[in-house]
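Take a look at the letters that make up each chain.
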Amino acid sequence: DDWLALKPQEPSPSQCCGSGCKPCIYDVYEKELAQWERAKAKQDKSLLMEKKEQSNNSELNPDTFTAFSISSVEQLTEDTYQYRFELPGNSSLQLGLGQHIVLRGVVNGLEVQRAYTPISPGHAEGYFEVLVKHGELLMLASGTGLTPMLPILQSITDDEEDETFVTLVGCFPTFDKIYLKPFLQDLARYWNVRIFYVLSQETSLEKLPWSYQENTYTGRLNEDLMKTIINSCRRKPFVLICGSSAFNEDMSKYLKAAGIEESSCFVF
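About the thresholds
- What you see as residue numbers is a count from 1 along each chain, following the sequence as written.
- With pLDDT at 70 or above as the cut-off, local features in this predicted model cover only qualifying residues; side-chain atom pairs require 80 or more to be listed or tallied, and sums for whole chains, interfaces and linings still use all residues.
- Only hydrogens and water are set aside; all other atoms, that is, all heavy atoms of the structure, feed into the side-chain values.
- UniProt positions are given in the numbering used here, feature names are shortened, and annotations may be inferred rather than shown by experiment.
- Buried Ala, Val, Leu, Ile, Met, Phe, Trp, Tyr and Cys residues that are joined via side-chain atoms within 4.5 Å together make up what is termed a nonpolar core.
- Per-residue accessibility, obtained with a 1.4 Å probe over protein chains only, is compared with the maximum for each type, and a residue is labelled buried under 20%, exposed over 50%, and partly exposed between these values.
- Numbering goes from the N terminus for both helices and strands, where a helix is a DSSP run of H or I of at least four residues and a strand is a run of E of at least two.
- Pairs of residues are marked as contacts when any of their non-hydrogen atoms sit within 4.5 Å.
- Only strands that DSSP links by at least two bridges are regarded as paired with each other.
- Under this scheme, a helix contributes an axis fitted over its contacting stretch, all axes are lines through C-alpha atoms, and angles between N-to-C directions fall in the 0 to 180 degree range.
- Identification of polar contacts relies on pairs of N or O atoms within 3.5 Å, with a donor-acceptor requirement for protein atoms, meaning one able to donate a hydrogen and the other able to accept it, and with residues adjacent in sequence counted only if both atoms are side-chain atoms.
- Put simply, a patch holds well-exposed residues, over 30% relative accessible area, that have no salt bridge, with like charges counted together within 9 Å and Val, Leu, Ile, Met, Phe, Trp or Tyr side chains within 5 Å.
- Accessibility throughout is a Shrake-Rupley quantity obtained with a 1.4 Å probe, and a residue counts as covered only by protein chains that appear here.
- Definition used for salt bridges: Asp or Glu carboxyl oxygen within 4 Å of a side-chain nitrogen of Lys or Arg.
- For this count, His and the chain ends are skipped, Lys and Arg are scored as positive, and Asp and Glu as negative.
- Note on charges: their place is set at NZ of Lys, CZ of Arg, CG of Asp or CD of Glu.
- Two aromatic rings from Phe, Tyr or Trp, using only the six-membered ring of Trp, form a pair when their centres are within 6.5 Å; if the ring planes differ by under 30 degrees the pair is stacked, by over 60 it is edge-to-face, and anything between is tilted.
- pLDDT expresses how confident the predictor is about each individual residue, on a scale running from 0 to 100.

Per an unreviewed UniProt entry, the chain carries the name NADH-cytochrome b5 reductase-like and comes from Tauraco erythrolophus. Per its UniProt entry, the chain bears the Cofactor (unreviewed entry) comment "FAD". Per UniProt, the comment on the chain under Sequence similarities (unreviewed entry) is "Belongs to the flavoprotein pyridine nucleotide cytochrome reductase family."

As structure tokens, then:
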């Protein structure tokens, strides 16, 4: 069990930035897996701590990830931020023209990996900077109101450069009435997509598959639940609404109570 806990976890397709990195996250995984297998065969956990040699006096290692501290975050526009990372002493990244780095972190409990080209000079000493754009969409759909949301969602997940966070709330009578379950589950595997279900005619979650229980609510999408969802967003989202006339009116009322202005909503 101890060795299994130390085994490297295979990356998911959504973790690959798709930029042709050398090495790719899958190359790093294969190397870490081989190192783990050697250590396990010799029953020597110290072999997992082997440090790779760094070259060209750079603080980066192409074979593994290196931890750096964030020294400052500056908001440049409503959804764009400039992050400055500290480098030890007067060291620098030593990147060539057009080269990029891959940043890795945890978002929503999922490990996320994205490629960025630093905006700081390649010879900058003691720091490097990147621009990160954070947008946020909240989609509220009832029944077939899910339809216009899907092309928007898919256009975001298909674009490797799009870092918009999306929360989709689908309202249905029962679990059996949820449309396109496999497709929605595939979308929910992306690092920047969350999907919640609100089932008005279900009274218990016990009979639902375990993979749905954590992100499903029974009853109706009311003002309190709306506030809970809004508060779980990273920033005030732009909201898309699609359903019956009564649903749209209720959602607009609940959003207003949660502090979302009418100018930040669009009703299909």
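Describing the nonpolar core
Formed by 23 residues in total, the largest nonpolar core has its most connected members in Met139, Leu168, Leu184 and Tyr197. Residue assignment for this core shows that the elements contributing at least two residues are β6 (136-142), α3 (149-158), β7 (165-172), α4 (181-187), β8 (193-199) and β10 (238-242). In this view, Met139 contacts Met149, Ile152, Leu153, Val166, Thr167, Leu168, Val169 and Leu240; residues no more than four positions away in its chain are not counted.

Details of the sheet that holds strand β1 (residues 70-75)
Spatial strand order, β1-β2-β5: three strands in an open sheet with antiparallel pairing. Looking at which strands have only one partner, the edges of the open sheet turn out to be β1 and β5 (127-133). Between one strand axis and the next, the sheet turns through 20 degrees on average, direction left out of account.

Thoughts on the UniProt feature "binding site: FAD" (unreviewed entry) in the chain
Under the present numbering, the feature "binding site: FAD" (unreviewed entry) in UniProt falls on Arg114, Tyr116, Leu131, Lys133 and Thr147. Locating Leu131 in the fold gives a position in strand β5. Looking at Leu131, the relative accessible area reads 36%, which means it is partly exposed. Every residue in contact with Leu131, bar those within four places of it in the chain, is listed here: Leu76, Thr80, Tyr81, Gln82, Tyr116 and Ile119. The residue Thr147 is located in the loop between β6 and α3 in this model. Separated by 2.9 Å, the side chain of Thr147 and the backbone oxygen of Thr144 make a polar contact.

Description of the side chain of Gln185
One can find Gln185 in helix α4. Note on Gln185: relative accessible area 18%, which makes it buried. Gln185 has contacts with Tyr197, Ser211 and Tyr212, leaving out every residue within four places of it along the chain.

A short note on a negative patch on the surface
Together, Glu10, Asp27, Glu30 and Glu37 make up a region of like negative charge exposed at the surface. Assignment of secondary structure puts Glu30 in helix α2 (residues 25-42).

Re the pattern of salt bridges
In total, this model carries five salt bridges according to the counting rule given. Two residues, Arg84 and Glu129, come together in a salt bridge whose shortest N-O distance is 2.8 Å. In this pair, Arg84 is assigned in strand β2 (residues 80-86) and Glu129 in strand β5, connecting sequence segments 45 residues apart. Look at Arg84 and you get partly exposed, because its relative accessible area is 29%. Among the residues examined, Glu129 registers a relative accessible area of 11% and is labelled buried. We note a salt bridge from Asp186 to Arg189, for which the minimum N-O separation is 2.4 Å.

Thoughts on the packing of aromatic side chains
Per the counting criterion, the structure on display carries eight aromatic pairs. Ring centres of Phe68 and Phe128 lie 5.6 Å apart, and the angle between their planes is 85 degrees; this geometry places the pair in the edge-to-face category. With a gap of 60 residues between them, Phe68 in the loop between α2 and β1 and Phe128 in strand β5 connect regions that are remote in the sequence. Phe68 gets classed as partly exposed once you look at its relative accessible area, which sits at 21%. Their ring planes at 50 degrees and their centres at 5.6 Å tell us that Tyr197 and Tyr212 sit as a pair that is tilted. Of this pair, Tyr197 sits in strand β8 while Tyr212 sits in helix α5 (residues 210-213); the two residues are 15 residues apart in sequence, bridging distant segments of the chain. Comparing Tyr197 with Tyr212 shows no difference in burial state: the two are buried.

Observations concerning the confidence of the model for the chain
Interpretation of this model should avoid reading the predicted coordinates in detail wherever pLDDT is low. Mean pLDDT for the chain: 83, with 88% of residues reaching 70 or above. Residue range residues 51-57 is modelled with pLDDT below 50. Its contacts to residues more than four positions away, or to other chains, number ten contacts.

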